[in-house]
Amino acid sequence: MSYSSWFSRLRSCSRTIRANLRSHPRFKTNHSNPIKTTDVVTSSRPILSWSSSLLPLALAVSAGSLAIHVQTNPSLCDSLDVDVGVVSVGGKGSTEYLVKGYHKDIPKELVDELKAICQVLWVMTLLVIQDNMTMDYDERYIHGKPQNSFHRAVNIPDVVVFPRFEEEVSKIVKSCNMHKVWGVLSGFVPIVPYGGATSIEGHTLSPHGGVCIDMSLMKRVKALHVEDMDVVVEPGIGWQELNEYLEPYGLFFPLDPAVRYGTMRENVINLKVVLANGDVVKTGSRARKSAAGYDLTRLVIGSEGTLGVITEVTLKLQKIPQHSVVAMCNFPTIKDAADVAIATMLSGIQVSRVELLDEVQVKAINIANGKNLPEAPTLMFEFIGTEAYSREQALIVQRIASEHSGSDFVFAEDPETKKELWKIRKEALWSGFAMAPNYEAMISVRTAENVNPKRRTGIASLRSDVCVPLSNLAELISRSKELLDASPLICPIVAHAGDGNFHTIILFDPNNDKHRQEAERLNHFMVCTALTMAGTCTGEHGVGTGKMKYLEKELGIEALVTMKRIKTALDPNNIMNPGKLIPPHVCF
């Protein structure tokens, strides 16, 4: 871009910002409530927006590092150059994990509106008083501090609401989009959707306070179409709970296993979404395929709550398999195990699941569960179909494994034995913590500035989530394993080897800066190596705040600018899960 063109754009931008600053109450000479330095959260007391509390699972929930803008028009960048000590998390080269932000008490008028929405329900002609809103500190803290992540924010939600119906969600969002808060910067009230609380990349942090919408009470099965093999549900229902409901009908929702049936994205038919202005949009019909318009369903699924709040989901279902066989095999090296996973997929066998555990993970399982498994790289398979077909597949894979130094090949058909074998894999994460027996569970009290320095020593885990084309999996795992084995940290590996996705559970002391830096170094190496292999920084867990810094390298700045334009068009006031997904340095 020529210098003159750049200067012209800058001058035009400056006029817009200057005009908005003049109209802003802070810069009016007759302002009756001048802004004080205390408008920026710096106190060490617990964050309580009022002097006392009032009343005591889902699709994971974007853009920009600020929820509060100087202007109502879209800015060129979210990262404004205001010297108030705010650190941009997620920008290129960022190593921050404590997300800072601006915070002002939300208006009392909004609190009153939320009380009216969430605490009054008409059932037929009867008025029922509910308790679906809270400002209790403990409840707000739980919602503002991810339970499975070391990512943290300086603030927590001001209010947590628990809507029961789509209409309530719409009213809540509309109210937040209408009320402004005033501080060093002004803006509208931030919203953070909250589902199953399983996000680990900082998706549900509330760095600017605001309103957390907990969807856990919206868990109804609204319609089951057995002949069409689909179901309409609300977002608060868990997938295991849903499968218990579906089992009598001979159906199940195949979130697990993903190798055969695909990921969540491939198994959603349509959605209902509350947009930032409170409008409710349905993204498609129940048809299994459609060429009608933009694919809004996939757009919203990948938006992590930055474009709207999901209130209804139509899911594809599958028939419960007639028969299944679970198999397990050991290998001398992790590369041998990965090579067998690749060879199995290339053989044309319709394998249902292929999971890889390294010897560190197997050791953790032995310690945690009192097992006596061979502590070697291990592959676990599941084959489904008719009884004869499942056994035939198992025998073919046994032959492939033997060609790659596989040993101790065992398989099970008895339901209880199969359940016990898969329990090994499903409890891998929690087993990993058994590798650090001298650490206690972290117990901390968060204040406006930082964590209580008197907290007990704890253990944290940073979980990598890289995914590469299947042909590159063996090389990526081998190179990563070499680095991990040389590290002083404990790093078990678990891989969804059938689709090129693997996780490393890096255990470290979050109070030890050297530990945290080493964990970041290991994760950075794996992500960057995956990107050089045409892979991705996240196969499953999403971006949140933790993976934003890698998006430009993976997708390119043009793609990020396009995402930001979509975000700005659908959420011009930037109230929907602000500071997530789109890096703060992305500009128009």
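Here, every reference points to the structure presented above.
Residues numbered from 1 in each chain as written. Predicted model: local features only at pLDDT ≥ 70, side-chain atom pairs only at ≥ 80, totals over all residues. Heavy atoms only, no water.

## What about the overall build of the protein?
Regarding its fold elements, the protein presents 16 helices and 25 strands. Put simply, the protein shows about 26,300 Å² of open surface, and 54% of that area lies on carbon and sulfur atoms. (Helix = DSSP H or I, 4+ residues; strand = E, 2+ residues; numbered from the N terminus. Areas by Shrake-Rupley, 256 points an atom, 1.4 Å probe, with all protein chains shown as cover.)

## Remarks on the environment of proline 254
Relative to the helices and strands, proline 254 resides in the loop between β13 (251-252) and α6 (258-261). Take proline 254: its relative accessible area is 0%, and that puts it in the buried class. Separated by 61 residues in sequence, proline 254 and leucine 315 place their C-alpha atoms 9.7 Å apart. The contact partners of proline 254, leaving out residues within four places of it in the chain, are Tyr261, Gly262, Asn267, Lys316 and Gln318. (Buried < 20%, exposed > 50% of the residue type's maximum accessible area, 1.4 Å probe, protein only. Contact = heavy atoms within 4.5 Å.)

## Things to note about the pattern of salt bridges
One pass over the full model with this rule turns up 23 salt bridges. Salt-bridge contacts for aspartate 228 lead to arginine 286; the nearest nitrogen and oxygen are separated by 3.1 Å. One end of the pair, aspartate 228, is in the loop between β11 (221-225) and β12 (230-233); the other, arginine 286, is in the loop between β15 (280-282) and α7 (296-301), with 58 residues separating them in the sequence. Among the residues examined, aspartate 228 registers a relative accessible area of 41% and is labelled partly exposed. In this structure, glutamate 359 engages lysine 481 in a salt bridge whose closest nitrogen and oxygen atoms are separated by 3.0 Å. Of the two residues, glutamate 359 sits in helix α9 (residues 359-369) while lysine 481 sits in helix α13 (residues 473-486), which places them 122 residues apart along the sequence. Among the residues examined, lysine 481 registers a relative accessible area of 7% and is labelled buried. In this structure, a network of salt bridges that share partners links the residues Asp358, Glu359, Lys481 and Asp485. (Salt bridge = Lys/Arg side-chain N within 4 Å of Asp/Glu carboxyl O.)

## A look at the pairing of strand β24 (residues 493-496)
The two faces of the sheet receive side chains in turn, since in a regular strand these alternate between them. Here β24 shows no split at all, with Ile493 and Ala495 on one side and Val494 and His496 on the other all buried. As judged from the three bridges shared by strand β19 (residues 351-357) and β24, these two strands associate in the antiparallel manner. Looking across to β24, one finds that glutamate 355 is bridged to histidine 496. Pairing of β24 with strand β25 (residues 501-508), which is carried by four bridges, proceeds in the antiparallel orientation. Following the sheet pairing, valine 494 is matched in β25 by histidine 503. In textbook terms, the turn of a hairpin is the stretch between consecutive antiparallel strands, and for β24 and β25 this stretch comprises four residues, one of which, glycine 500, has a positive phi near 80°. (Pairing = 2+ DSSP bridges.)

## What to know about the sheet that holds strand β6 (residues 159-161)
Taken in spatial order, the four strands line up as β4-β6-β10-β9 in an open sheet, and their pairing is mixed. Of all the strands in the sheet, the pair left with one neighbour each is β4 (133-134) and β9 (191-194). Where β9 lies against strand β10 (residues 211-214), four bridges are found, and the strand directions are parallel. Pairing of tyrosine 194 across the sheet is with aspartate 214, part of β10. Sheet contacts for helix α3 (residues 137-144): β4, β6, β9 and β10; angle to β6, the most-contacted strand, approximately 80°. (Axes fitted to C-alpha atoms, helices over the stretch in contact; angles between N-to-C directions.)

## Considering the sheet that holds β12
Judged by pairing direction, the sheet is antiparallel, and its five strands sit side by side in the order β11-β12-β16-β14-β15 without closing on themselves. Both outer strands of the open sheet, β11 and β15, are each paired with one neighbouring strand and no more. Ignoring strand direction, the axes of neighbouring strands in this sheet form an average angle of 15°. Here helix α5 (residues 239-246) sits on the sheet and contacts β11, β12 and β16 (308-316); the angle it forms with β11, its principal contact strand, is near 50°.

## Focus: α9
All of the buried residues along α9 are Val360, Gln361, Val362, Ala364, Ile365 and Asn366. Just downstream of α9, glycine 370 is the residue with a positive phi angle, here 65°.

## Quick notes on the pairing of β12
Alternating residues of β12 divide into Asp230 and Val232 and Val231 and Val233, and every residue in both groups is buried. Pairing analysis gives four bridges linking β11 to β12, with the strands arranged antiparallel. Bridging across to β12, valine 221 finds its partner in valine 233. Bridge count for β12 against β16 is four bridges, and the pairing is antiparallel.

## Structural notes on the packing of aromatic side chains
Per the counting criterion, the structure on display carries five aromatic pairs. Pairing phenylalanine 381 with phenylalanine 383 gives two aromatic rings, centres 5.8 Å apart and planes at 10°, and the pair type is stacked. The exposure classification of phenylalanine 381 matches that of phenylalanine 383, with both residues buried. Consider the rings of tryptophan 430 and phenylalanine 433, whose centres lie 6.4 Å apart with planes at 20°: the pair is stacked. Since its relative accessible area comes to 27%, phenylalanine 433 is described here as partly exposed. The ring of tryptophan 422 has arginine 353 sitting right over it, with the charged end atom 4.3 Å from the ring centre. (Phe/Tyr/Trp six-rings, centres within 6.5 Å; stacked < 30°, edge-to-face > 60°. Lys NZ or Arg CZ within 6 Å of the ring centre and 35° of its normal.)

## Brief notes about the packing of helix α2 (residues 108-118) against helix α4 (residues 166-178)
Contact geometry for α2 and α4: axes closest at 10 Å, N-to-C directions at 175°. Classified by the angle their axes make, α2 and α4 are roughly antiparallel. Across the interface between the two elements, Leu110, Glu113, Leu114, Ile117 and Cys118 from α2 touch Glu168, Lys171, Ile172, Ser175 and Cys176 from α4. A class-by-class count of the residues in the contact of α2 with α4 yields six nonpolar, one polar and three charged. (Parallel < 35°, antiparallel > 145°, perpendicular 65-115°, else oblique. Nonpolar A, V, L, I, M, F, W, Y, C, P; charged D, E, K, R; others polar.)

## Thoughts on the environment of valine 231
Inspection of the secondary structure puts valine 231 in strand β12. Sequence spacing of valine 231 and phenylalanine 253 is 22 residues, and the spatial spacing of their C-alpha atoms is 9.0 Å. Once residues lying within four places of it in the same chain are set aside, the contact partners of valine 231 are Val221, Ala223, Leu224, Leu242, Val313, Thr314, Leu315 and Leu317.

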